[in-house]
Amino acid sequence: MSVTGLVSIFLAAILTNNFVLSKFLGICPFLGVSKKLDTAVGMSVAVIFVMTLATLVTWPIQTFILDPNGLGYLQTIVFILIIAALVQFVEIFLKKYVPSLYSALGIYLPLITTNCAVLGVTVLNIDEGYNFVESIVNTVGAGFGFMLAMAIFAGVRGRMETSDVPKFLQGLPIVLVAASIVACSFLGFQGLVDGLFN
Amino acid sequence: MAKKQKSLWEIFTAGFVKENPVLRLVIGTCPTLAVTTMAFNGVGMGLAATAVLICSNALISLLRNIIPDKIHIPVYITIIAAFVSILQMLVKAFVPALDSALGIFLPLIVVNCIILGRAESFAGKNPVLPSILDGIGMGLGFTIALTIMGSIREIIGAGTWFGMKVPLLSMLDPMLILILAPGGFFVFGILMACANKIAEKKGKEPAKLGCAGCPAAASCGQAEKGGCE
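Because the structure is a prediction, the values reported are computed rather than measured.

Novice: How should I be thinking about the UniProt feature "transmembrane region" (unreviewed entry) in chain A in this particular structure?
Specialist: Residue and element names in this part refer to chain A. The sites that carry the UniProt feature "transmembrane region" (unreviewed entry) are, in the present numbering, residues 6-28, 40-61, 73-94, 101-124, 136-156 and 168-189. Within the segment residues 73-94, helix and strand shares are 91% and 0% respectively, and the terminal C-alpha atoms sit 33 Å apart. Counting secondary structure, residues 168-189 comes out at 73% helix and 0% strand; the distance between its end C-alpha atoms is 32 Å.

Below, the structure written as structure tokens:
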């Protein structure tokens, strides 16, 4: 495991395999909470936080408890329970000890349990066969990729507020078409990581 | 949304068009976009989610008076995750092609908002038979939407339909972008615009991201403020 290997995992997670725009994970918050930049960033920070914690817990559990005992088939149920418990725990902890952070992130936390990006990244880390450090790097990269997509899209939606949208597309449809164009621009990163490091 | 007077038939058919989970309630969008590169995957994903939805709706409805209110979400998630694990093993054993096509989205049925959302807004409050019918109806509505989307993307993007060559189109170069990520968003947007147009003719509101199907609505307290914003 080299540093360049880690950097390429990180960049791939942000750009070429962007969670939202090429893997379609976490679409609900991407469409729901991206109207304003500050809420978009708030949600992303909460997602990065929970994703990283979830990986820190699920990877050792899969590697040291489930796999040696032949319990791999319990992966889905164990992982989702860990994530649900973690989110509850984070919520209670923040409420008690960091009320300022709680008031900023609090409303996003319940939404994160059912955010497929969180369960998705923990399962993908195992499927890809990453070791512990690679898993963490991949998770943080995926989280930042999510944030990048959210922030870019919040900007796009800001511009759309003032523009004249054809009646046929008003509302959600134009949001989806705009997302399609943003996704197009991310296609441009295909091959970037391979080209840089190999 | 389900009133007492609703007949079983109405509950059953609501999910097809009127309350179609994908195009009207806008839930379950991640698998909708991700797996619909081919019509076959759309059908497979739809039926897999339907199976889980029927089982979880039935069990949750049976247990609705026993589950303590305070911890009902974790209990629901556990029930759903158990059914998803069973389904995962069955699909791996009997339809390995579907398993590799759906990939990570098979375990992710656990966090499909449709299933937790229906548990929360229907099965937790209604008797077993209506809950099962609701599960079948919603599941089929999901399957229908996924199949339509998968067909459009496969026909235009690859020139085939369920793997068969479409006579005239396959002579042209297929528009590959429809199978890639941007095409997913685009086709979904156009489909939703069409659904809105039909809804408008019937005097209904256009689809919007609401709290109607969101499982977190009760705990998040944003519902009365008008959604996530």
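Past the structure itself, the notes keep going.
Novice: Is there a simple way to think about the interface of chain A and chain B in this case?
Specialist: Bring the parts together and some accessible area is lost; that lost area is often taken as the interface size. Facing 45 residues of chain A, the contacting portion of chain B comprises 47 residues. Both faces combined, the contact of chain A with chain B buries some 3900 Å², and carbon together with sulfur accounts for 81% of it. If you look at where chain A meets chain B, you find one salt bridge. A salt bridge links K167 of chain A to E200 of chain B; its shortest N-O distance comes to 3.4 Å. For the pair chain A and chain B, the interface holds three residue pairs in polar contact (both at pLDDT 80 or more). Contributions of two or more residues to the side of chain A that touches chain B are made by helix 2 (27-32), helix 4 (75-97), helix 6 (109-113), helix 7 (116-127) and helix 9 (172-187) of chain A. If you tally residues by element for the side of chain A that touches chain B, the top one is helix 9 of chain A, at nine residues. Its residues assigned to classes, the side of chain A that touches chain B shows 30 nonpolar, 11 polar and four charged.

Novice: Is there a simple way to think about the packing of helix 3 (residues 37-66) of chain A against helix 8 (residues 132-161) of chain A in this case?
Specialist: The relative placement of two packed helices is expressed as an angle between their axes plus a distance between the axes. Residues and elements named next belong to chain A. Here helix 3 crosses helix 8 at 165°, and the two axes come no closer than 9 Å. By the criterion of interaxial angle, the relationship of helix 3 to helix 8 is roughly antiparallel. For the element pair helix 3 and helix 8, the recorded crossing hand is right-handed. Residues belonging to the contact of helix 3 with helix 8 are distributed by class as follows: 21 nonpolar, six polar and no charged.

Novice: Explain the packing of helix 3 of chain A against helix 7 of chain A to me, please; I cannot follow it from the model alone.
Specialist: All names here are of chain A. Orientation of helix 3 relative to helix 7, taken along the N-to-C sense of each, is 35°, at an axis distance of 9 Å. Considering the relative orientation of helix 3 and helix 7, their crossing is right-handed. Along its contact with helix 3, which presents V50, M51, A54, T55, T58, W59 and Q62, the element helix 7 presents A117, V118, V121, T122, N125 and I126. Residues of the contact of helix 3 with helix 7, tallied by class, amount to eight nonpolar, five polar and no charged.

Novice: So what exactly am I meant to see when it comes to unusual backbone geometry here?
Specialist: Leaving glycine out, the prevailing phi sign among residues is negative, and the prevailing peptide bond configuration is trans. Despite not being glycine, V26 of chain B shows a phi value in the positive range, around 50°. Structurally, the position occupied by V26 of chain B is in the loop between helix 1 (8-14) and helix 2 (29-34).

Novice: Hey, could you run me through a nonpolar patch on the surface in this one?
Specialist: All names here are of chain B. A surface patch of nonpolar side chains, amounting to about 780 Å² of accessible area, comprises F40, I86, L90, F94, V95, W161, F162 and M164. Looking at the nonpolar patch element by element, the count peaks at three residues for helix 4 (residues 72-94). The topology assignment puts W161 in strand 1 (residues 160-161). The partly exposed category is assigned to W161, whose relative accessible area is 35%.

Novice: Looking at this structure, I do not really get the packing of aromatic side chains. What am I missing?
Specialist: Here a ring pair, both rings aromatic, is described through the centre-centre distance and the interplanar angle of the planes. Inspection of the entire model under this criterion finds 11 aromatic pairs over all chains. Considering the side-chain rings of F30 of chain A and F185 of chain B, the 6.3 Å spacing of their centres and the 55° angle between planes classify their relative orientation as tilted. Of the two residues, F30 of chain A sits in helix 2 while F185 of chain B sits in helix 8 (residues 181-201), which places them in two different chains. As far as the burial class goes, F30 of chain A and F185 of chain B line up, both buried. A ring pair is formed by W9 of chain B and F12 of chain B, whose centres lie 5.7 Å apart and whose planes are at 45°; its orientation type is tilted. Taken together, the residues span about one helical turn, with W9 of chain B and F12 of chain B both in helix 1 at a distance of three residues.

Each value, and the rule that gives it
Residues numbered from 1 in each chain as written. Chains lettered and ligands numbered in written order. Predicted model: local features only at pLDDT ≥ 70, side-chain atom pairs only at ≥ 80, totals over all residues. Heavy atoms only, no water. UniProt positions renumbered as here; feature names shortened; annotations may be inferred. Helix = DSSP H or I, 4+ residues; strand = E, 2+ residues; numbered from the N terminus. Contact = heavy atoms within 4.5 Å. Buried area = accessible area lost by both parts, 1.4 Å probe. Salt bridge = Lys/Arg side-chain N within 4 Å of Asp/Glu carboxyl O. Polar contact = N/O pair within 3.5 Å; in protein donor to acceptor, adjacent residues only side chain to side chain. Nonpolar A, V, L, I, M, F, W, Y, C, P; charged D, E, K, R; others polar. Axes fitted to C-alpha atoms, helices over the stretch in contact; angles between N-to-C directions. Parallel < 35°, antiparallel > 145°, perpendicular 65-115°, else oblique. Left-handed = near helix turned anticlockwise from the far one by under 90°. Patch = residues over 30% accessible without salt bridge, like charges linked within 9 Å, V, L, I, M, F, W, Y side chains within 5 Å. Areas by Shrake-Rupley, 256 points an atom, 1.4 Å probe, with all protein chains shown as cover. Buried < 20%, exposed > 50% of the residue type's maximum accessible area, 1.4 Å probe, protein only. Phe/Tyr/Trp six-rings, centres within 6.5 Å; stacked < 30°, edge-to-face > 60°.

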